[in-house]
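A closer look at the structure
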Amino acid sequence: MNNTVTDLLARCNFPPAGTHLSCAVSGGPDSLALLVLGAQAGCEVTAWHVDHGLRPDSNKDAAVVAAAANRWGAKFVACKAICKPGPNLESRARAARYEVLPKETFTGHTADDQAETVLLNLMRGAAVDGLAGMNPKRRPLLQLRRLETRNLCKSVGLKPIQDPSNLSLIHRRNRIRHELLPLLCNIAQRDIVPVITRNAAILGSVRDLLNELANDVEPTDAKALVKMPEPLAQVVLRRWIQDTTQAEHPINAATVQRVLAVARNEARSTEIGCGWRVTRSSQQLGLSK
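Report follows, based on the coordinates.

The rules behind these values
- Sequence order as written defines residue numbering, which begins from 1 separately in each chain.
- Only residues with pLDDT of 70 or above have their local features reported here, since the model is predicted, and side-chain atom pairs are shown and tallied only from 80 upward, although totals for entire chains, interfaces and linings are computed over all residues.
- Excluding hydrogens and water, the side-chain figures rest on all heavy atoms present in the structure.
- Only protein atoms enter the calculation, which uses a 1 Å grid: trapped sets of points that fit a 1.4 Å probe without letting it out are cavities, open sets showing protein on both sides within 12 Å along at least five of seven lines are pockets, and any residue with an atom within 4 Å of a point is a lining residue.
- Grid points are joined across faces, edges and corners, and a volume is the space filled by probe spheres set on the points.
- Under the scheme used here, helices are H or I runs from DSSP no shorter than 4 residues and strands are E runs no shorter than 2 residues, and both carry numbers assigned from the N terminus.
- A helix's residues, less one, multiplied by 1.5 Å, set its expected span.
- Remark: exposure states derive from per-residue accessible area (1.4 Å probe, protein chains only) relative to the maximum for the residue type, with buried under 20%, exposed over 50%, and partly exposed in between.
- Contacts between residues were defined by any pair of non-hydrogen atoms, one from each residue, lying within 4.5 Å.
- Working note: the arc is built from the helix axis to C-beta atom directions.
- Between any two strands, at least two bridges found by DSSP are needed for them to pair.
- Axis definition: a line fitted to C-alpha atoms, limited for helices to the stretch in contact. Angles are taken between N-to-C directions and run from 0 to 180 degrees.
- Note on handedness: a crossover is taken as right-handed if, strands pointing away from the viewer, the path from the first strand over the helix to the second is clockwise.
- Angles below 35 degrees are treated as roughly parallel, those above 145 as roughly antiparallel, those between 65 and 115 as roughly perpendicular, and all remaining angles as oblique.
- For this classification, Asp, Glu, Lys and Arg are treated as charged, while Ala, Val, Leu, Ile, Met, Phe, Trp, Tyr, Cys and Pro are nonpolar and the rest, including Gly, are polar.
- We call two N or O atoms a polar contact when they sit within 3.5 Å, provided that within protein one can donate a hydrogen and the other can accept it, with sequence-adjacent residues counted only if both atoms are side-chain atoms.

A closer look at the layout of surface pockets
In this structure, the second largest pocket occupies an estimated 350 Å³ of space. Looking at the second largest pocket, it is lined by 23 residues, and the ones nearest its centre are Gln114, Pro136, Leu142, Gln143 and Ala201. Elements with a contribution of two residues or more to the lining of the second largest pocket: α5 (111-124) and α9 (193-214). By residue number, the principal contributor to the lining of the second largest pocket is α9, which donates 10 residues.

This is the structure we're talking about:
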């Protein structure tokens, strides 16, 4: 094990040696670093490569991943994913990828990815959950920088695949990566990525605490909801509605406020979207279509 691998492993969050690790490996520097570091951490790695068929030569990427897996003693699985028609190609490709990957797949997201995600979520109007960024669970490289994964690949003689779509400014994340983050660093006169990721970690702790406290609350008890701190009541209601409706996205802040108004008996009921309605009867909230 070379010094670069040893130094990086000390800042990673891999499970104990001997644990089976399904890793999403596209062939880029981050995912190849995940493969190398996972293997060197003593995990039993399986490299899962997904071909979306979005580039004419994308089928060649599997050979790069297979060779790396073989070199590092990992298993290799290749599969194809079909993107559904519609807008936001990046989102559709991600959804298609996770449909074919094992549920507990680990990914090679880095601190730079975390900073981009937080900024994306901020622009979408996200609250604590979004500003906490990606959950560290199954993302063991979140303390590493993108430059470090590239340097790792170079140090062990791996030549990563360069996906040209990562340079296209059509995608909002790429504009954040290539335009917004450099501008923020220039304005701040410092590397802003560690600042963003530290704040995300702090908000992640707040999110986890609120979620833990929410476990002890009955979400349909209007009287209890009114008495508790509003941030906790918001978490309780969002979780209840999300679990019941199985909506693709959590309800927004305005909808939560309308439901709280029902809990306070300021309104008898409210629509929350997709045909669902929250009502109050005898200090109990009900959710129905």
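Quick notes on α5
In a regular helix each residue adds 1.5 Å, so 14 residues correspond to 20 Å; α5 covers 20 Å between its end C-alpha atoms and thus fits that length. In terms of residue burial, α5 counts as a mostly covered element, since 11 of its 14 residues are buried. Taken residue by residue, α5 has Ala111, Asp112, Asp113, Gln114, Ala115, Glu116, Thr117, Val118, Leu119, Leu120 and Asn121 as its buried positions. Its buried side turned inward, α5 meets α2 (29-40), α6 (128-131), α7 (146-155), α8 (172-188) and α9. Taken from the residues just after α5, Gly125 is the one with a positive phi, measuring 90°.

A closer look at helix α3 (residues 61-71)
For α3, every residue scored as buried is listed here: Asp61, Ala62, Val65, Ala68 and Ala69. Summarising the axial view, the buried residues of α3 lie within an arc of 130°, below the 170-degree limit, and thus occupy one face. With respect to the buried face of α3, the exposed residues turned more than 90 degrees away are Ala63 and Asn70. The secondary structure elements touched by the buried residues of α3 are α2, β2 (44-51) and β3 (75-80).

Things to note about the sheet that holds strand β6 (residues 284-288)
Judged by pairing direction, the sheet is antiparallel, and its three strands sit side by side in the order β4-β5-β6 without closing on themselves. Because the sheet does not close on itself, it has two edges, and the strands there are β4 (269-273) and β6. The sheet shows a mean angle of 25° between the axes of neighbouring strands, direction not considered. The sheet contacts of helix α12 (residues 253-263) involve β4, β5 (276-281) and β6, and relative to β4 the element is tilted by about 155°.

Remarks on the pairing of β2
The buried fraction of β2 amounts to seven of the eight residues, a majority that puts the element mostly inside the structure. Note that strand β1 (residues 20-24) and β2 share five bridges and pair parallel. Directly across from Leu21, in β2, lies its bridge partner Val45. Traced from β1 through α2 to β2, the parallel crossover comes out right-handed.

What to know about unusual backbone geometry
If you check the backbone angles, Gln246 has positive phi at about 55° while not being a glycine. Mapped onto the elements of the fold, Gln246 is located in the loop between α11 (230-245) and α12. Although it is not a glycine, Ser282 sits at a positive phi angle of roughly 50°. In this structure, Ser282 sits in the loop between β5 and β6. By relative accessible area, Ser282 is classed as exposed at 70%.

Quick look at the packing of α5 against α8
For the pair α5 and α8, interaxial distance at closest approach is 10 Å and the crossing angle is 100°. With respect to α8, the element α5 is oriented roughly perpendicular. In contact with Asp113, Ala115, Glu116, Thr117, Leu119, Leu120 and Met123 of α5, α8 contributes Arg172, Arg173, Ile176, Arg177, Leu180, Leu181 and Leu184. A breakdown of the residues in the contact of α5 with α8 according to their chemical character gives eight nonpolar, one polar and five charged.

Describing the side chain of Thr117
Of note, Thr117 is situated in helix α5. Engagement of the side chain of Thr117 in a polar contact is seen with the backbone oxygen of Asp113, the distance being 2.9 Å. Once residues lying within four places of it in the same chain are set aside, the contact partners of Thr117 are Gly133, Met134 and Arg173.

Structural notes on the environment of Asn252
Inspection of the secondary structure puts Asn252 in the loop between α11 and α12. Under the relative-accessibility criterion, Asn252 is labelled partly exposed at 45%. When the C-alpha positions of Asn252 and Ala24 are compared, they lie 31 Å apart, and in sequence the two are 228 residues distant. In this structure the side chain of Asn252 is engaged in a polar contact, spanning 2.7 Å, whose partner is the side chain of Thr255.

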